[in-house]
Structure formats: C-alpha cells, structure tokens
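# Structure assessment
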Amino acid sequence: MNDEANNAVGDYQYGFHDPENATIRFDKGLSEQVVRDISNLKEEPEWMTEIRVKAYRHFVSRPMPDWGNCSMLESIKFDDVTYFLRSSKETANDWDDVPEDIKNTFNRLGIPEAEQKWLGGVTAQYESEAVYHSVREDLEEQGVIFLDMDAGLKEYPELVKQYFCSVIPYADNKFSALNTAVWSGGSFIYVPKGVHVEMPVQAYFRINAKNMGQFERTLIIADEGSSINYVEGCTAPTYSTDSLHSAVVELIAMEGAKIRYSTVQNWSANVYNLVTKRGIAHKNAVVEWVDGNIGSKLTMKYPSVILKGEGAHAEIISVAYAGAGQHQDAGAKVHHLAPNTTSNILSKSISKNGGRSSYRGLLKVNPKAHGCRSKVVCDALMLDADSRSDTYPTMEVSNSSADLEHEASVSKISGDQLFYLMSRGFSEEEAMGLIVNGFFEPFTRELPMEYAVELNKLLELEMEGAIG
Amino acid sequence: MSEVILNIKNLHVSVEGTKIIKGVDLTIKSGEIHAIMGRNGAGKSTLAHVLMGHPAYEITQGEIQYRGKPIEEYEVFERARAGMFLSFQYPASIPGVQVGNFLKKSVNNVRNVKVKARDFRKELNAAMEKLDMDKAFLSRYVNDGFSGGEKKRLEILQMMLLKPTLALLDETDSGLDIDALRLVAKGITETAEATGFLVITHYQRLLELIKPDFVHAMIDGKFVKSGGPELALKLEDQGYDWLEA
C-alpha cells in the first residue's frame with residue numbers, strides 16, 4: 001500500500017484495495033432488466049428467474065423501514081450501486097488457479113494459511129462470486145455438500161428449490177427482497193443424517209470495487225442428528241463512497257441437528273451492512289448464532305431462530321463495536337412456537353468516539369408453547385460521554401407458563417480498573433484494550449481460536465489513540 | 001551497602017482540595033520493612049496511592065524521590081515497570097480477563113521481556129503452591145466474584161511474581177483469618193530480600209510474623225512517632241490517644 005492509500009485508510013488494517021480487473025461489470029443501477037440479465041448470465045432455471053423478478057418488484061414497491069437509523073437508510077443511493085461484478089471466469093479449487101491480484105488479496109487476509117491449518121472447507125468470495133472453493137475429501141466422502149450457492153443451484157436444483165426462501169420469504173423485508181432479486185454467491189451446504197462436521201468450514205467475503213453491492217445468499221441444511229460449524233469473515237477497502245452489503249442466510253436444523261453460524265464482520269466504515277439471518281430449529285435441534293459486528297457504517301442485523309419443534313434450543317451471542325460515525329443496530333429474535341423450547345440471548349456492545357450501538361430484540365412465545373424458558377442479557381459499555389447506546393427489547397408472551405429473564409446494564413470503564421491495571425505496568429491504552437477484550441470475552445471464547453486472537457488484536461488497535 | 005529506594009521529604013498531599021498528608025518524611029532502603037499504623041482517615045492509604053501515582057491525589061508541597069529520581073517523572077505504569085508495587089486494599093475486578101493471562105502480561109510488562117511460557121508456568125506453580133492456591137484460580141476472572149481473602153492472596157501472588165524493588169502493602173492483612181495471614185506473611189518474607197516494604201496495617205499480628213525494622217505512628221497526616229517493633233505493640237495495647245496530648 002502506498003502512503004496515499006495509507007492516509008485514506010487510516011487505522012482500518014484491511015482498507016487496502018487491489019486493481020479492479022473485472023471480466024464482467026454491469027452498469028450501475030437496478031432495473032428488472034438487470035435482474036433478468038444476472039439470471040440469464042448464470043443460466044438459471046426459470047423458477048429462479050421468476051422469484052428474482054417478483055422479489056425485485058416487491059423491493060421497488062416496499063417502503064424503507066421506518067425504524068432503525070432512518071436518515072442513514074435514506075442516504076443509500078441505490079442507483080449508484082454496481083449490482084453485479086464478475087472478477088474471475090470460474091471458481092478455482094486450487095489457489096494457483098485464482099487470478100494473481102485476487103489471490104494476493106486473500107493471502108494478505110491470511111485465508112490460504114488458515115485453510116491449511118484448521119478448516120474443513122473454504123469458500124472465498126470476491127465481489128459477486130466465489131473465486132475459490134475447496135472442501136476436504138473426507139467430508140465429500142461422507143456426503144457433505146459444500147458449494148458456492150451458484151454451483152449449488154446448478155448441481156442440486158431440487159434441493160435448492162425446496163428450501164430457497166423457505167425460512168426467509170423474499171417479501172420478509174425490503175432488503176431480503178433486494179437480495180433475492182440480485183443474489184450472487186454465498187454458500188450452499190447440506191450435511192447428511194448423523195454426520196458431524198468436526199472442523200469448521202469457512203466463507204470469506206471481500207468487496208474490492210467502489211460502490212459495489214454484495215448480495216450473497218447462504219443456505220445451510222443440517223439433516224437429522226447432524227452438526228456443522230460455519231464461520232464467515234468480511235472485509236472491504238476504505239473508499240470515500242459507500243458500498244452495500246445485503247446478504248440473506250437461511251439455516252434449517254432438522255430433528256436433533258445442530259448448526260452454529262459464527263460471523264466476524266469487519267467491513268470498512270463506508271459499507272452499509274443490511275443482512276437478514278434466520279434459522280429454523282426442528283424437534284430437539286439447536287441453532288446458534290455467534291455474531292460479531294466490528295465494522296461497517298450502518299449495520300442492521302438481528303439473527304433469528306424459529307423454534308418450531310419441541311425441545312429445540314436457540315443460542316444467540318452477539319457483540320457490537322461502534323466507533324466514530326458508526327451505528328450498529330443489532331440484536332436477536334427468537335420465536336418459541338413449540339413446547340419446552342429454550343433460548344439464550346447475550347448481547348454486548350461498546351460505543352466509542354460518538355459511535356452508536358443499539359440492541360433490538362424480539363422474544364415471542366406462542367400460546368401453545370408450554371414450558372418455555374428464555375434468558376436475555378444485554379450489556380453496554382460506553383467509553384466516553386459522546387457515544388450512545390440504546391436498548392429496544394420487545395417481548396410478546398402468550399403462554400403464562402413461560403419462564404423468562406431479562407437483564408440489562410450500561411457501564412463505563414472505571415478509574416479504579418484503569419489505575420489497578422496501570423499499577424501492573426499496563427499503559428492506559430493497553431489497560432483499556434484489556435478491559436474491552438474482557439468485556440467481549442463471553443463472545444470471543446465461542447470463536448475458533450484464530451478468530452479470537454485476531455479479534456482481540458483488532459480491539460486493542462481500536463483502543464490506540466483512545467486517550468484524548 | 002543498601003541502596004536508598006525511597007526518599008520522601010516534607011510531603012503534603014491534597015485530594016479535591018482537602019489536605020490529607022501534612023508533612024511526612026520517610027527514607028526506605030532496600031531490604032527494610034517499614035510499618036505504618038494509624039486510625040482510619042489518618043492518611044495511610046493516601047500515602048500508598050500517591051506513591052503509586054493515583055491521579056486524584058495532588059502533591060502540594062515537598063518531594064518524593066524513587067531511586068534518586070523525582071517520582072513525577074514516572075507515569076503510573078512506568079512506576080510499575082521501574083519496580084514499584086501496590087497491594088490494594090480493594091483491588092478492582094476486571095471481568096472477562098483470566099487471572100493466568102493477566103499475571104503473564106503483568107510479568108512481561110514489569111520485566112520488560114517476553115517470559116517463556118514454560119518458565120513462567122514453572123515460576124507461577126511454585127508461587128501458587130507456597131500460597132496454597134488452587135490452579136482453578138488461573139481461569140477465573142481477575143478479582144471478579146472473589147472473596148476478600150482470595151483478593152488479598154492474588155495481590156500477594158502478584159507481588160511474588162513481580163519481585164518489586166519497593167512494595168506498598170495497603171492493609172493486606174485486613175479481614176484475613178490467621179491461616180491466610182500466615183500465607184501473606186510468608187509471601188512477604190519470600191519476596192526478594194532486597195525489596196523495601198511499606199506495610200500499612202491496623203494490627204500487630206501481621207507485624208509479629210514479618211518483624212518490621214521501623215514502625216511509624218500516623219495521626220492526621222503526619223508521622224507523630226517512629227520506633228522499632230515495640231512501638232507497634234504499644235499502639236495496639238494503648239491506642240493512639242497518648243500520642244495526641
């Protein structure tokens with residue numbers, strides 16, 4: 001990176017960008033024709049084209065949400081976004097076959113190294129499509145399907161047709177409609193009955209171009225008694241103009257299955273991150289969202305679980321870090337539809353330098369859902385008086401046997417804590433870094449170690465220059 | 001010949017405009033144990049905190065030299081790195097930070113080297129054994145949900161690992177039963193022989209175990225009497241009224 005780029009990027013260590021060598025780049029802006037063109041280009045079955053078009057029409061007619069950060073939402077310029085950009089002719093399964101400049105990007109992000117060390121499979125998406133994909137042979141032998149979503153649709157059209165939009169209908173919200181209209185890339189995973197995928201599989205999403213829109217679509221189906229641990233990371237260069245990331249993730253955990261979906265989102269501070277994530281847990285199944293939001297300009301994301309079968313469990317652990325100019329509007333939603341279902345929600349947020357973090361939660365208990373238990377804990381840490389933290393919890397409980405707990409706290413770093421740590425040889429910045437890492441620890445300990453270490457480093461970096 | 005570690009001359013300290021310390025002189029050499037006794041509010045803890053550099057305490061007059069240099073030249077963390085240690089009466093809790101990790105980082109800070117994991121582990125095990133501490137301690141969060149006795153033990157463990165040049169112990173013996181007190185005393189005597197100690201206490205019983213070289217009686221921000229161990233006995237026996245006449 002040259003000095004000029006460094007200046008523009010500032011503290012954000014993933015803010016570099018590489019030359020844009022697009023092989024296909026659509027003109028900016030969105031129309032029904034663009035939607036059809038994307039579908040055409042991908043040689044999709046007609047039913048998919050139809051869903052896309054319906055979703056597009058819904059997107060156009062649907063007003064912006066009248067909640068969340070309305071002024072930031074209104075500032076999105078949909079006409080300036082590039083909705084499709086192909087940067088590599090095909091998806092490689094060997095890093096040597098990935099175009100040099102793209103490979104360099106992923107090398108700098110440490111992806112190939114991580115793959116060798118601790119991952120069961122990797123998909124790396126650059127702009128609109130996967131440029132690299134691989135899965136361990138032993139997983140393939142057990143019948144595990146792990147593909148990028150475009151390949152998934154080509155190779156398993158019936159399976160995709162059965163589950164696509166089954167958890168999140170395109171008309172769920174304005175951005176799920178947008179995603180359904182222009183989706184490209186993402187992961188498609190099917191884990192057969194009784195198969196446990198021990199090593200995490202990882203997807204890495206990178207936006208490189210200016211004014212890019214990334215709309216990946218992920219669908220994970222864990223069949224009866226199976227389990228999978230999926231991890232995703234996201235970064236983008238720092239530009240003065242904004243990019244849009246609007247993903248849809250659908251999870252289906254069949255009877256007794258377990259899906260854990262972990263995210264560390266570290267988009268640069270010019271990315272709108274408007275994502276819909278929802279899972280269905282059938283009888284005795286477990287869906288876990290481990291969701292970290294560190295970057296982006298505006299994030300609106302509320303990982304949800306529908307507890308459909310008796311004895312199902314939801315676990316949603318999320319953290320949000322909001323620095324200058326950032327608004328993290330994040331949270332969790334759980335619908336207890338069946339008896340004896342349980343859920344735990346833990347949300348932690350840090351606001352600094354005028355940043356804003358909001359917790360928005362929904363807990364719903366159906367009249368027929370007897371014996372449900374749920375615990376919601378929201379902790380906010382404010383690092384200065386300019387920052388802001390709000391909590392918007394909603395509970396709709398229609399069954400009196402439900403056992404619900406809700407705790408919320410807002411705290412500051414105390415002078416006593418700082419003095420104590422400084423008396424042990426930590427500088428003030430190091431002391432703040434340690435306290436902040438400690439605050440996020442209930443989240444970090446759930447991540448694969450490599451991610452946890454990276455996240456801690458990242459937060460320590462954020463604390464540098466924190467002392468006025 | 002023992003080195004002068006700490007030299008305090010005519011020290012006056014205020015907190016938010018209130019005068020707390022009103023003219024203290026004190027010299028501590030390496031290897032010496034000084035005890036300060038006095039009622040609550042006499043200024044004992046203030047002295048310990050001002051030495052460590054707490055931002056709320058303002059030196060209005062006099063001077064403090066640490067190893068021959070004016071102490072203002074050191075920030076709090078630099079004091080720690082230069083060999084000062086304060087055992088807190090009420091140590092702060094740091095949720096989410098594991099004791100083991102915290103100890104290792106503190107040792108690295110103060111020794112200014114990255115101690116090898118294996119060497120550190122060895123050292124740590126030995127110190128914990130001496131203090132009769134369970135390994136499970138290491139994975140708990142620093143002082144979070146600790147009993148009073150556990151907090152004090154962790155303070156002493158840190159002191160043993162950090163091997164300070166000057167150790168300030170602020171009522172480390174308060175609220176401890178006799179067994180815990182013995183362990184604390186053991187920790188003090190096990191810490192490097194060259195360490196200078198300033199031990200703040202209300203009670204004679206700790207001093208019986210660690211045998212101070214000097215005892216100072218503090219009333220209203222001043223040392224009103226200094227002497228040997230016999231002074232501690234007299235203070236515990238007769239209180240402080242006889243010094244106020």
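Residues numbered from 1 in each chain as written. Chains lettered and ligands numbered in written order. Predicted model: local features only at pLDDT ≥ 70, side-chain atom pairs only at ≥ 80, totals over all residues.

### Quick notes on the nonpolar core
Residues A222(A), A253(A), A281(A) and L168(B) are the most contacted members of the largest nonpolar core, which totals 206 residues. Per element, the largest residue contribution to this core is eight residues, and it comes from helix α12 (residues 428-444) of chain A. Formed jointly, this core draws a minimum of three residues from each of two domains, domain 1 (19-221 + 242-250) and domain 2 (415-468) of chain A. Residues within four places of L168(B) in sequence aside, it is in contact with A48(B), L51(B), M52(B), F85(B), L86(B), S87(B) and L198(B). (Core = buried A, V, L, I, M, F, W, Y, C linked by C-beta atoms within 7 Å. Buried ≥ 20, exposed ≤ 12 C-beta atoms within 10 Å, placed from the backbone. Helix = DSSP H or I, 4+ residues; strand = E, 2+ residues; numbered from the N terminus. Domains from an automatic or database assignment. Contact = placed C-beta atoms within 7 Å.)

### Quick word on the sheet that holds strand β15 (residues 286-293) of chain A
Picture the strands of a sheet paired through backbone hydrogen bonds; they go either parallel or antiparallel. Residue and element names in this part refer to chain A. Ordered by their spatial adjacency, ten strands build an open sheet running β4-β3-β7-β10-β13-β15-β18-β20-β22-β24, and the pairing between neighbours is mixed. At either margin of the open sheet sits one strand with a lone partner, and together these are β4 (129-135) and β24 (403-412). This sheet shows a mean twist of 10 degrees between the axes of neighbouring strands, independent of strand direction. With ten bridges connecting them, strand β20 (residues 342-351) and strand β22 (residues 373-382) associate as parallel partners. Residue pairing for β22: S347 is matched across the bridge by C378. Relative to β20, α12 is tilted by about 160 degrees, and along the sheet it contacts β15, β18 (313-322), β20 and β22. (Pairing = 2+ DSSP bridges. Axes fitted to C-alpha atoms, helices over the stretch in contact; angles between N-to-C directions.)

### Quick notes on the interface of chain B and chain A
Tallying the contact residues gives 17 residues for chain B and 19 residues for chain A. Breaking the side of chain B that touches chain A down by element, the ones donating at least two residues are α2 (76-81), β7 (94-98) and α3 (99-111) of chain B. Its residues assigned to classes, the side of chain B that touches chain A comprises twelve nonpolar, four polar and one charged. (Nonpolar A, V, L, I, M, F, W, Y, C, P; charged D, E, K, R; others polar.)

### Section: the packing of helix α5 (residues 148-162) of chain B against helix α6 (residues 178-190) of chain B
Think of two packed helices as two axes; the pair is described by the angle between the axes and how far apart they sit. Residues and elements named next belong to chain B. Where α5 contacts α6, the two axes come as close as 9 Å, and the packing angle between them is 15 degrees. Here α6 runs roughly parallel to α5, going by the angle between their axes. α6 is crossed by α5, and the crossing has left-handed handedness. The segment α5 lies against α6, with G149, K152, R153, I156, M159 and M160 engaging A180, L183, V184, G187 and E190. When the residues that make up the contact of α5 with α6 are grouped by side-chain class, the tally is six nonpolar, two polar and three charged. (Parallel < 35°, antiparallel > 145°, perpendicular 65-115°, else oblique. Left-handed = near helix turned anticlockwise from the far one by under 90°.)

### Some words on the environment of L231(B)
Residues and elements named next belong to chain B. Along the polypeptide, L231 turns up in helix α8 (residues 229-238). For the pair L231 and L51, spaced 180 residues apart in the sequence, the C-alpha separation amounts to 24 Å. Excluding residues that lie within four positions of it along the chain, L231 makes contacts with V215, A217 and K225.

### Here we look at unusual backbone geometry
Residues and elements named next belong to chain A. Positioned with a positive phi, C165 is a non-glycine residue whose angle comes to about 70 degrees. Overall, the presence of 19 C-beta atoms within 10 Å leaves C165 in the partly exposed class. The backbone of N340 shows a phi angle near 55 degrees, a positive value even though the residue is not glycine. By secondary structure assignment, the location of N340 is in the loop between β19 (327-336) and β20. The partly exposed category is assigned to N340, around which 18 C-beta atoms lie within 10 Å.

### Concerning α6(B)
Residues and elements named next belong to chain B. With 13 residues, α6 ought to run about 18 Å at 1.5 Å a step, and its terminal C-alpha atoms sit 18 Å apart, in line with that. For α6, the complete set of buried residues consists of A180, L181, V184, A185, G187 and I188. Down the axis, α6 shows its buried residues gathered within 155 degrees of arc, on one side only. For α6, the exposed residues lying more than 90 degrees away from the buried face are I178, D179 and T189. Contacts made by the buried residues of α6 are with α5, β10 (196-201) and α7 (204-210). (Expected span 1.5 Å × (residues − 1). Arc of directions from axis to C-beta.)

### With respect to the domain arrangement of chain A
It is common to report an interface's size as the accessible area lost on association of the parts. Entries for chain A in the domain assignment read domain 1 (19-221 + 242-250) and domain 2 (415-468). Between domain 1 of chain A and domain 2 of chain A, the C-alpha centre-to-centre distance is 34 Å.

### Some points on helix α13 (residues 449-463) of chain A
The periodicity of an α-helix, 3.6 residues per turn, causes residues three or four places apart in sequence to face the same way. All names here are of chain A. For α13, built from 15 residues, the straight-helix expectation of 21 Å at 1.5 Å per residue is met to within 8% by its first-to-last C-alpha distance of 21 Å. The set of residues buried in α13 consists of Y451, L455, L459, E462 and M463. Each buried residue of α13 lies within a common arc of 115 degrees when the element is viewed along its axis, so the set occupies one face. Projecting away from the buried face of α13 at angles above 90 degrees are the exposed residues M449 and V453. Turning to α13, the residues buried within the fold contact β10 (227-235), β13 (258-265), β15, β18 and α12.

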